[in-house]
Structure formats: structure tokens, C-alpha cells
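Here's the letter readout for the chains.
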Amino acid sequence: MSYCDSDGGPELEEYDAESTRADCYEPKSPSPLETPVESVQDLKDPYARDWNGEFQSLLAEATLFEDSESDKLTLSEKELARTLRLRHLSNSFAEEATRIAVQIIQELFLPVGNRRYKSVTHVVGGVAGGEKFVSSGIFFKLSRDWKGIYGSDCHAIKAAELELKGTMALLDCRVNGLHFPLMALIRYRGFAVVAQSILPINRSTLRYGSRDAGNTIKNEDPVLAAKFAAAAGLLNLKAHNVWNKDGTQCVLLHGPADIEVHKGSDGRCYVVDTARLFPPTAPDGKIRSQLYCTLRPELVKLNSCALSSDAFSRFGGSENNIHDAEVISATQRLTQAIIPTFASYLDKRFNEEYDSSSDKHPSSYADFLTATELTSLGAEMHLHGINYRYLLHVWHRLRGRAGRTFCLIEACARTAKHLLEEKWRCLEAASESRYLREASEFFGLLADCDDESRAYWLETIAEEVLLRFSIPQGAKSPFSDVVNVSSLIPVPLLLFRTSQLVGVEFDTHYMKRVLVDAGLGLGVESEASTEEQVYKLLEALVAHKLLKSSSKHIVCSIKPRTKYLHRVSFEEGTALCRVALARQGPEAKRLFKQANDRFAECLTTKPNDYRALYNWAFALCQQASAASSDEARILWKEMADKFSRALILQPKDWRALAKWGTALQMQSRTLDGAAAIPILEESSSKLNQAVSLISFPHFKTLFNAGNADLNLARALDHATSSEHTQVERALTRSLQHLNKAILLDPSSVDALRNGAVAAAMLARLSSEHVKKEALYDKAFTLYQRALELNPKNPEVLYSFGNACFRRATSQRERGDDRASSTLLHACLMYAAALECVPSFKDSFVNLSVGISLAVKWRLSLTSRDSPWIQPIRKFLRSTEAFTGQLSARELSSVAAACKGLTSDEPCDISAAAACTMDKLQIMMKESSASQLPHNKSSNRKRSTSVGQTSSLSSTEAAAADSKHRGLASSGVMPKTVPAPALSNNRHGETDPVSVFSILPTPRDAQMLPGPADSESEPSPVTFIDVLWGSNIVYAFDHDAEISESRLKIVNTILGRCRTGLVFLAEYRGTRYALKVRPRNPSVSSPRRIPIFRGPAYAPLKFLLQSDGKLCCLFDRIFGVPLETYIVEHPQTFTPTILKFYFAEICAACAPVVGAGLELLDFKSSSVIMSDSGHCRLLVSFFDVAEGLHPQSVWYSVGLLFMDLLNKSRVLETSVTQEAASLVSLAQQLTHEDPSKRLQVFRKIKRHPAFDNVKWRYVGSQAPPLTYDGVEGGVEISDHAIAATLIAPEAPNQLDGFTIVNTPGTQRS
């Protein structure tokens, strides 16, 4: 009933337990003593604040902003100012309403003449909502079952909560033209008060619904009815015929019969009395349960058919049975399908945090907080459409102890809350002290410390739990066979949770004094009554059975709890997020943090707010993209949680899927190599789902889906374990999406470019000549269209050059005469990119590779009419600008191009090339005399992912990322900024710079200095050229003998590496480690590989090749991973011993970095503590790559150091300057800002952690520890051995192999 009713209250009737249907309420004639008024506005103080007018005006301003033509930043700031005013209004309303409601409850049992706020029920009318009050422009309804309608005050309070929830649900529909009052629900001392802003409505303004409990039903305004029907459709509420009590009137409604929609005197349509908006659950024998037991909105919304709000009432007439059957079916689906699924999901989440095999239930404060954060049990249940009253259904389905414990704690705490509130209501006292004493004694009774407490538990609490929370039929009670409650649930957690629900505060000073008087001490330093202090004090009092004996004064205050409309918090959070997007640095971070708080506040009031979850996920994505790595991991995880929750509510919302997929693309940019593949796969899945759900073509979603598949294909292509079919499937999907996007927007250069990249990659992977050429033609067409739109786009030019280069090499292999012209086109594209951006280093390097290849093909380059003149001149003019930025490998490539140009007939180009060559030779000699200098700015991988800009446009990338805008209200999808670059082919075909660089020959091998102080010592890393081919053996040791003796594979696997397996092998009676990996038989050109010699590495004896395998034979190292030894003997490792091994690790890694190599599979098991006591690095040419980012080795070393420090427990046992310096070293090696990391070995040697280390003798000094090596391995089957045979003809022999000697190798 609304506050404008004047027809009196319902006539009471006896409850018929046999009936499953009852009227909501029966009217009666008004008492002759009543003097009804036309509307509540007549009782309003004319000087009181107009809460409703201000509220509606602020909501209306949002629509005005949407129609404004101002710039986005100005609009965002105006919107934030509006929401802050809305927040201030809401807070003022809540504070005033709470103050008055508390006083109304405090005066409830005073004589009427002594009360400040007197009831106006006799003039307003209506009894279902409780007693009515008016003050300060606010209308109050005290929810009491004072006329016996609900069966108890507790049920009347539930109905009041349903009214707030119904209003929020309709408000969340955002149907233009429907308005709602500003509301708040205040709970205090066991009572609940609903506060509403006074509306300009009266008895004559009703247009839809009923104001007299269904005696008269209206549907008079078609426009208003259509608006309400739209809201009902969004909530999945059924349109149904509603009959009045006499059966003389039938009206079509989309909501309950007793809802009221008024056309106010201000012209607005107001909706009130929404308590019965959602359908009731099937009656369970409780009195008029359909008035306060309803289905969750989430369940109703996702039900297969719309449900009637008037099920199990007499309003449905002849259709009642249909309505009832549909609700029964929905209830059965809830108990038989949704709850079991949810219980399995909950079990899985709890098992990730707790040991499922343990019989001990979680009991610590940390356990409670972890579980609360992990599951947010109530929010999770509501999100899946499960009411709290089904807690025991969930408990029955759970299998893990932890999950069952927390479910039972929640059920018992809520039961205890109802029992305490009932005790408070029965006091009928005005004195605060009586309520505090009653609460204190009640908590003492819950403590389970004596026979009285146990009896209360088993006779009262247990019965009430089973009464309030339904349990499956035939299921065993959780309290059966229970002697002590503490064996069932942790009592301190129960007390703590109950105090949260009822709003009481404990007197921590009194609790500490009780413990001290009992001779017990508790180290609680702060005097503030924090949650953790309260819990620890409760835990101590319960453990020593002091709570009941000292419980009279344990509760010091009772706080009112206020809920108000979630819309206020949501709109403020969204506005803060919009403004934060336009800010940078600490200001943006501060605004985002405030937005997070507002979204959390909104979801506390309404856990199923889809828009809040969606916008919060978007805000978290923006924060993660700008955060440090550790913080970003947490934010990405929270973002995924919010998106997944939003999709539980709306599983077919393509916008959320598309936004999530795009955010995952942003997340993948923060990861390297194989770590990014799972994220990219999930991103591709989300975006492809979004595409399948869209009923109309949407350019941005198609574009981002194409980019996601393209990025996934590139990542899979780099991963050695991926199959060609996986890459081709991803590329095919990408090309399909991008083709559709191009059809929608033919002027999109980004879509054209990425489509061309996908087509070119497919062409490279294709083995069919006709298909390969058709795909290259497709790619070239798209590139040309992109260049027609933007002729000076350097990224398109660079990418086009890469495609031309690969096509030229493919044509050359087939003997196609067009190869030279295609290569020329590639070089012209690279030169054009350099013209656009002179600092485009990648384009310069690839141009040098292209010219080197042209020299190798003996093309005429320097003749007067040669078309090569233009790119060659550009190359020579740019060389000097880039020479100081190039790595050793890149310098070799540039030198090769210059050398080739000088060998042609004399001309100005030849002379310029010769001059450049002289300069390069000087630089290369200087590089050989000292540790090779690498590009300090960023010697990163050139093959960046699509959607990630190259070194050309990092500022453009930042600007593009800042454009990733769009929230739920706008539905704008963020744009992924693409930037394709050359990608590596793991089957032998690589970037141009790695295919045609002129590298040292075996007799001219490049020697780099090692880590010793003397820089004249040779490096343990040597590069040699190796000819790939079948049945070829390379010998790398002068002691090795090559003969026809059998090479046997022992039935043992020693280990696994990134690229294959390591077996135990025997040759001429000596056992070796045999590393086996696949080889691409089509690759036969010479390749340069690094060979590692020295005591810090495992010596390579032989390299054997067959059609499908590469096999390396190493000396065996007896030892154990250093990490394992530390874990087994943590007390042995002092800071001094750790420094010894850290120095050996750095000394072993320095030559790798100095040679321009990156460790691809560096992990803790790569560092072995040998039986000699020294560290050895398990590394071979399988495990390294040239010219990528060698400085990343030091980052990996820093991560290893940090891990070893933690596992050695040095920081726990030895807080010394030496230990602190080791921690500082690890932190500087892994600094979140790459520019601030330690990346140069000479600086690492000078770090304070290595004071007094004599680097010349590192590796030769006596070790502080030794290890007795033992043989190990895993037995394998004959089938696994057969898969590793060396050659089909002579599987276990060296017979038939061509023997090749390397420098320093002798053959006996």
C-alpha cells in the first residue's frame, strides 16, 4: 500500500494451511475516528526540504548532458559535478532519515504524549506497510506486523526490504519516463523503517495498479502502461490478467496487482509499492509466505519463460494454475540444477584455498577474511539467483569441509541475528542500557562454554536454523549427532559475523581488562576497535571460557544500519571513471580508486547490478594497463572476476564479451612468449563469441576479433610446440573477420593493413604454390588500398616491405624470375618508411638485409639506370645515424650490405659504401676489444604483436591506449591500435636480419671476452657455421673419437627441456646426456650456432643430424638444481655462501649476454650444483636466440636470485648488511622500469653485494659446499626410445654419417 491510501487496513482472516493461495490483504471500512487527507503532501511542512524535486532534477540533468555538443572532457567533469551533488543529496537524506528513524524506534514504547514524532497512520490509511510518520519532508513507514498480516515482525521487515529491492530493480531498467522516490531502509534494535521522499501524488493520480488491495484495478494510460511493460520485459515479468476481488473487473497488468503507478501533479510518472514485484516461491507452509518470500531477480530474468508477479494469489483468476506451475518449475530448476552447479563451483574455489583432505575447519581471522573475499558468499548466491533461505540446500551439496563450515556459519549467524532482534523487540523499553545488556548476554549464550549454552544451541538455535532455512527432503540435519557446537563451526567466527549483521560494537577496553584480570595477556597495541582486534579478543575469551561470565558489558553500542538506492553510487563511480580516463599519473590513480570504492558500495547494496560490474571491470582494465607488474596482475584478475560476474547476469551480452576480449588483448601485451598464449586464446574466444552473438555487423568488434586471432597466430607461430594447423586456423578466422570489417569500413587503414598481414602470414605457411601466390596477391591488394588512403603511413610501408621480402625469398626458391623485382619492391617500401620516419631503425635494418640479399643474388645494383639506386642511397645516408644503436648482429648485416656494394664497378655509391665499410670495421674492432655494447634504449624483439606499436610510435601507442574509452551507458568499444611487424617462422624461415647476415666462419670465429677482470682472455662462447643436412656429425672435442661403434640410448629420461627430451646415452662405454629435438629437413643452408666451452657449462661432444632430428651429445653433469639443494638445506646457506654462488651464476651468464644471446628457457632448474660444488649452467644453442633482447637474461637472473633468497630463509635468520645488499641486487635486476634495471655486467660486478669478490678467480676457487652426485632419471618404454632414433637406416650407429671436424677438433 502506498502512503496515499485512505481506505483503511485489511480485514484479518484465518490462515488456511491447506490452501496454497491467499489474498495479499483484505480491505475494511475506515474508522469513523479517522480523518483521511487527500495526500501525504498535505502533511508536509511547507518549509521542509523538497527532497524529491532535487532528486528528480539531478537525474534529469544526465539526459541533458547526453544531448550536449560539448567536448567529452567538459561533459565528464560536468557529469562528475552532478553525481557529487547527487551523492551529497543522498547522504543528507540518509543522515536525516536515519536520525529521525532511530528516534521513532527509541520512542516507540513511550506514552504517545511523550513522543516527538507521532503516528499519522489514522489520517494516511493503510496497514500493510506499518505505522506511518511524516517529518522533515520525509515519509516513514515503521515495518511491524501490527495487524497480523505477515505472521511476525520479522516477515514484515522482509517485505520492507523487498520494497527497496523492487524499486532498485525498476530503477535499474532505466525506462525513460518512469520515476521513483528517493528511498532508504534503516534497521535498528530489531526494527526496520522505510524512508521515502514525499511525492506529488494522491488518490486521484493513480493510473496503473491498485491502491485498495485489489478491489479496484486500473490501467487507464496506454503510454504509461507501455513504459511499465518495457520495464517488466527487461525483468522477464509476465503480462497477465488481474481480477478484482469480486471477479467483476479484469485488467491486463505486467506487475503485481497492488503496484501503484501515478501521474503526479508535476507531470512525472511515479512507481511505488514494489514489494511484490517479483514472483513468490512456491508456498512452504509458512503463513502468507508469498508476501515476503520471492524469487531472486537474477533467477527470474534468466528463466526460460516470463513469470507472473501474482502467482499463488487469487488475482490470476482462471490462469492461476498456469502461473503457479511456471513458478514451481522455476523453483525446481533452482533446487535441482542451479544449486548443485553452484555448490560444485563453490567447492572448487574453496579447494583452491584450503586443503580439501583436511578434517580441520578454518577458524582464524585470516581464514574468515580470505573466504569472505574469495567467495563473497551472499553476493555469489544472489548472483546465481539463490536466496539465503536455500543456504542449507547449498550446504547439503557441498563436499569440502571449508565450504560447509562457511555456509553453516552464515546460516547460524543469520538465525542468531533474528533471535537477538526478536529479543530486542520484546523488551519494549526506551532505555539503551537494557538493549546493550540483552545483546551482551545473548553473545555470552552463543559462546558454547557451559551446559546452558549447549542446551540453547541444540534446542533453540538448531531448531530455528532448520525452520528458517529449508533443507532438502530426506537430507541429514547439520546438527545431528553434534555434542559441542565448537566441533561443528568456529564459535569466534560465528560471534564476529553475527555482530556484523546486527550492527553491535564490542567494548575492546572491557574485553582486554577481563583478560588481564584473568592473568592473560594479549598483544593488541592499537586502541582502535578494529575488526582484527575484536576477533582476536573474542577468540581469546571463547578459548578461556570467559565470554559468558563477563558478558554483561561486552557490547558497548548498537549502530543503525542504512541502505539506500544503489543508483547514486553507480553514477558517481561511472563519472569518476570517465574523468580519470582524461587524467594521468597520481591524479588518475586517485580518481580510479574512488571509482572502485563507489562501485563496491553499489554492489554491496545490489550485488546483481550488471552495469556496475561492467563499468568496474572497464575501470580495472584501465588501471591495470598503467600499473606495475605485481599490481597489474591483481587488477587483471579482479577485472576478469567482474566480467565473469556480469556475464552470469547477462550471458548473451556481446558488448561485455567484446570488451573483455579487448581487455585481454591489452593484458597480453604485458606478457612475453608462451606466457601470453593462454591470455590470447581466451581473448580470441571471447571476441569470437561476441561476433557470433551480434545480430548486426559491428565494425569495431569484427576488427578487434580479427586482431585477437592475428595476435594469437603470431604467438603460436613463435612457440616451438605449436602446430601449423593451429596457426592457420587462427589466421583464417582473423582474415574472415577483417574482410567483413573492411566491407563495413573500406577507408580503415588499420583493417586493411591487418588483413594484409594475416593474408601474408597464411601465404608464408601455405605449402601449395597456387594458394600461396593467391594469398600474396590478396595481401598486396590490401596493402595497396591502404597506401592509396595514406601513402605516408610508415607502419603500412614497413609491413608491406616484409611481405614483399618473404614473397621474394619464396619465389627465388622456386626459381621464379619475379623474385628480383619483388625484392626491389621490398627495399623500396623500407626506404619509403625511412623517408617518413628517419628514426625507424627496424626499417633500416631490414633494408640492409634486403640489399645484402640482392648482392648475394648478383643483381645489378649500382648501374646508372638501376632501380636500386634510390633505396641504396637511402641506406647509405641513414647508416651513420644508426650505427651507434645497432647490436653486433645488426652491425654484421649492415657491413655485409656495404661490402657487397663496394665489390661492384667503381662509382659514387661504391665509394660511399667503402667509406661506410671502413667506419663499420673500426666500430666492430672496438666492439671486439671490450664487451659488445648493446642498444641501451630498448634492444627488444622487433616482432611485436598486432595492436602493439613498434619503436617507431611509442608515443602514438600511448595516445592510442588513452583512447580506449567507453562505459556501459555508451557501449563504445575501445579500438585496438594495430602495428604488424615481421614474425619469426619456427621452421627455418626467420626474419630477414637473421637469414642473410654475414657471420664469422669457423676459422674466423668471433671471440668475445668473458667475465674475468682480464679482458684478454677468450670467451667461452664461440660462433661457428654449421651445415644442416641428413646424417651429418659435428665433433667438438679434440679427445673425441669418431668410429663405427654403437651409440646406445639407455632406457632413462634424464629430463625435459623447452624443445625436446634429454636421454641417457652410451658411446664407447662412456655415458653422456643426449638432448633430442625436431629438425626441419627443408633447411639446408649454413647457419651460425654458438658453442659453449668452459667449466661453467656442459661441454658439447657431438652434434648429430637426421632428416627429422637434431641430437646433441653432452658430458654428463652429476649434481642437483641449486634451488633443490637450497630447499633441502635452507639453514646451510648464509649470505656469504649465497654471494659465492650468485657470483658464479653472473659469471656464467655474462658471456651469453656479451655474445648478444637471449636465454629462451632460463629457469631455476637450469642452474646445477655439480658434485664439485660449483654452479653449472645447462645451456646449448637449442636454448638461445641471437639479437632479440640479451639484457633480459639479467632480469631472469634477478628473478632467480629473489626466489633463492626466499627459499634459503636468509631474510628470516640473518638481517645483516650482506643479506640486505643481496636483496638490493635482486631488486635492481628486476626493477619494474626497464630503464632503471642493472643490465650491464661491469655495473653488476661493482654492486655492493659483490664487494671483495675476485672476479678473475670466480669458478676456480674452492667451493664452500659439496654435493655427492647420484644418477637419476625416469624409466621410459621401448616406444619412446624408438621415437628418438638417430637415422632410419642405421638407428643406433654412427655408420653412414658424414664426419665434420670443427676448429680445435682432432679426429683419431
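Model, not experiment: these values are computed from the prediction.

Before going further, it helps to examine the overall build of the protein chain. Secondary structure summary: the protein chain contains 41 helices and 29 strands in total. The buried share of the protein chain, taken over its 1308 residues, is 57%. Of the contacts formed within the protein chain by residues at least 6 apart in sequence, a portion of 73% connects residues at least 24 apart. Here the protein chain displays about 53,700 Å² of accessible surface, and carbon together with sulfur accounts for 50% of that area.

A separate point is the packing of helix 25 (residues 749-765) against helix 26 (residues 769-789). For the pair helix 25 and helix 26, the least separation of the axes is 8 Å and the interaxial angle reads 160 degrees. Viewed along their axes, helix 25 and helix 26 adopt a mutual orientation that is roughly antiparallel. Relative to helix 26, helix 25 is oriented so that their crossing is left-handed. Across the interface between the two elements, V749, L752, R753, G755, A756, V757, A759, A760, L762, A763 and R764 of helix 25 pack against K772, L775, Y776, K778, A779, L782, Y783, R785, A786 and L789 of helix 26. Partitioning the contact of helix 25 with helix 26 into residue classes produces 15 nonpolar, one polar and five charged.

It is worth spelling out unusual backbone geometry at this point. In the Ramachandran plot, A213 falls in the positive-phi region, its phi being about 60 degrees despite a non-glycine side chain. You can see A213 is positioned in the loop between strand 6 (206-209) and strand 7 (218-219). Under the relative-accessibility criterion, A213 is labelled buried at 9%. Of note in this structure, N236 is not a glycine but carries a positive phi near 65 degrees. By the element assignment, N236 lies in the loop between helix 5 (222-235) and strand 8 (240-243).

Below, the discussion takes up the pairing of strand 19 (residues 1070-1078). Taken together, the seven bridges between strand 18 (residues 1061-1067) and strand 19 define a ladder with antiparallel strand orientation. When the sheet's bridge partners are listed, L1061 is paired in strand 19 with V1076. In this structure, strand 19 lies alongside strand 22 (residues 1109-1115), joined through seven bridges in antiparallel fashion. Residue pairing for strand 22: A1073 is matched across the bridge by F1114.

Of the residues in the protein chain, 77% reach a pLDDT of 70 or more, and the chain-wide mean stands at 78. Confidence drops under a pLDDT of 50 for residues 930-1017, and excluding neighbours within four residues, the segment shows 266 contacts in the predicted structure.

Turning to the nonpolar core, a few remarks are in order. Core analysis: the biggest nonpolar cluster contains 149 residues, and F140, L277, I386, V394, W424, W457 and I489 have the highest contact counts within it. Examining the composition of this core, we find that 13 residues originate from one element, helix 11 (residues 401-427), more than from any other. In this structure, W424 is in contact with R189, G190, Y435, E438, A439, V502, V504 and I558, ignoring residues within four places of it in sequence. Core analysis: the second largest hydrophobic core is formed by 133 residues, A619, L657, I679 and L702 among them.

If you trace the backbone, S135 turns up in strand 1 (residues 131-135). Apart from residues no more than four positions distant in its own chain, S135 is found in contact with I100, Y117 and F140.

This part takes up the sheet that holds strand 23 (residues 1119-1121). An order of 23-25-26 is seen for the three strands of this open sheet, with the pairing classed as antiparallel. Looking at which strands have only one partner, the edges of the open sheet turn out to be strand 23 and strand 26 (1175-1177). Averaged over neighbouring strand pairs, the angle between their axes works out to 35 degrees when direction is ignored. Helix 36 (residues 1135-1154) contacts strand 25 (1167-1170) and strand 26 of the sheet and is inclined by roughly 25 degrees relative to strand 26.

With that settled, consider helix 19 (residues 610-625). Compared with an ideal rise of 1.5 Å per residue, which puts 16 residues at 22 Å, helix 19 spans 23 Å between its outermost C-alpha atoms and is within 8% of the ideal. Most of helix 19 is tucked away: 14 of the 16 residues are buried.

With that settled, consider the pattern of salt bridges. For the structure shown, the criterion picks out 53 salt bridges. The salt bridge involving D273 is made with K141; its shortest N-O contact spans 4.0 Å. Here D273 is found in the loop between strand 11 (269-272) and helix 6 (297-301), whereas its partner K141 is found in strand 2 (residues 138-143), with 132 residues between them in sequence. Both residues of the pair, D273 and K141, belong to the buried class.

Turning next to the environment of L1177. Position of L1177 relative to the elements: it lies in strand 26. A residue is classified by how much of its surface remains accessible, and L1177, at 3% relative accessible area, is buried. Note: C-alpha distance between L1177 and E1144 (33 residues apart in sequence) is 9.6 Å. Beyond its immediate sequence surroundings of up to four residues, L1177 is in contact with A1096, Y1097, A1098, A1148, C1149, F1162, S1166 and V1167.

The alternating pattern of strand 11 places C269 and V271 and Y270 and V272 on opposite faces, both of which are buried. Here two bridges tie strand 3 (residues 178-179) to strand 11, and the two strands are oriented parallel to one another. Within strand 11, the position partnered with L178 by the bridge is C269. Here strand 10 (residues 260-263) pairs with strand 11 via four bridges, running antiparallel. Counted as the bridge partner of H262 is Y270 from strand 11.

The next point concerns the packing of helix 11 against helix 14 (residues 491-502). Where helix 11 contacts helix 14, the two axes come as close as 8 Å, and the packing angle between them is 50 degrees. The orientation of helix 11 relative to helix 14 falls into the category oblique. In terms of crossing hand, the pair formed by helix 11 and helix 14 is right-handed. Contacts between helix 11 and helix 14 pair F406, I409, E410, C412, A413, R414, A416, K417, L420 and W424 from the former with L493, L494, R497, T498, L501 and V502 from the latter. For the contact of helix 11 with helix 14, the per-class residue count stands at eleven nonpolar, one polar and four charged.

Looking now at the environment of P1090. Following the sequence through the fold, P1090 ends up in strand 20 (residues 1087-1092). A relative accessible area of 7% means that P1090 is categorised as buried. Beyond its immediate chain neighbours, meaning those up to four positions away, P1090 contacts V1021, T1022, F1023, L1157, F1181 and V1184.

The next thing to look at is the packing of aromatic side chains. Inspection of the entire model under this criterion finds 29 aromatic pairs. Arranged with centres 5.2 Å apart and planes meeting at 45 degrees, the rings of Y208 and F228 form a pair that is tilted. With Y208 in strand 6 and F228 in helix 5, this pair connects stretches of sequence that are 20 residues apart. You can call Y208 buried: its relative accessible area is 1%.

All right, on to the sheet that holds strand 1 then. Spatial ordering of the open sheet is given by 1-2-5-4-14, a layout of five strands whose pairing is antiparallel. The open sheet has two edge strands with one neighbour each: strand 1 and strand 14 (561-564). Averaged over all neighbouring strand pairs, the angle between strand axes comes to 20 degrees, with direction disregarded. Across five bridges, strand 1 lies against strand 2 in antiparallel orientation. Looking at the pairing, E131 lines up with L142 of strand 2.

Let us look at the environment of K263. Considering the arrangement of structural elements, one finds K263 in strand 10. If we ignore the near neighbours within four places in the chain, the residues touching K263 are T205, R207, D221, R268 and C269.

As a further point, take helix 18 (residues 585-605). Given a rise of 1.5 Å per residue, 21 residues ought to cover 30 Å, and the 31 Å separating the end C-alpha atoms of helix 18 matches this to within 8%. By the burial criterion, the buried members of helix 18 are A588, L591, F592, A595, N596, F599, C602 and L603. One face of helix 18 carries all of its buried residues, which in axial projection span an arc of 150 degrees. Across from the buried face of helix 18, at angles greater than 90 degrees, the exposed residues are P586, K589, K593 and T604. Check the buried side of helix 18 and you find it contacts helix 17 (566-581) and helix 19.

Attention now moves to the side chain of T294. Locating T294 in the fold gives a position in the loop between strand 11 and helix 6. Take T294: its relative accessible area is 7%, and that puts it in the buried class. In this view, T294 contacts L162, F278, P279, P280, T281, N387 and R389; residues no more than four positions away in its chain are not counted.

Reading the values: rules and limits
- Residues numbered from 1 in each chain as written.
- Predicted model: local features only at pLDDT ≥ 70, side-chain atom pairs only at ≥ 80, totals over all residues.
- Heavy atoms only, no water.
- Helix = DSSP H or I, 4+ residues; strand = E, 2+ residues; numbered from the N terminus.
- Buried < 20%, exposed > 50% of the residue type's maximum accessible area, 1.4 Å probe, protein only.
- Contact = heavy atoms within 4.5 Å.
- Areas by Shrake-Rupley, 256 points an atom, 1.4 Å probe, with all protein chains shown as cover.
- Axes fitted to C-alpha atoms, helices over the stretch in contact; angles between N-to-C directions.
- Parallel < 35°, antiparallel > 145°, perpendicular 65-115°, else oblique.
- Left-handed = near helix turned anticlockwise from the far one by under 90°.
- Nonpolar A, V, L, I, M, F, W, Y, C, P; charged D, E, K, R; others polar.
- Pairing = 2+ DSSP bridges.
- pLDDT = per-residue confidence, 0-100.
- Core = buried A, V, L, I, M, F, W, Y, C linked by side-chain atoms within 4.5 Å.
- Expected span 1.5 Å × (residues − 1).
- Salt bridge = Lys/Arg side-chain N within 4 Å of Asp/Glu carboxyl O.
- Phe/Tyr/Trp six-rings, centres within 6.5 Å; stacked < 30°, edge-to-face > 60°.
- Arc of directions from axis to C-beta.

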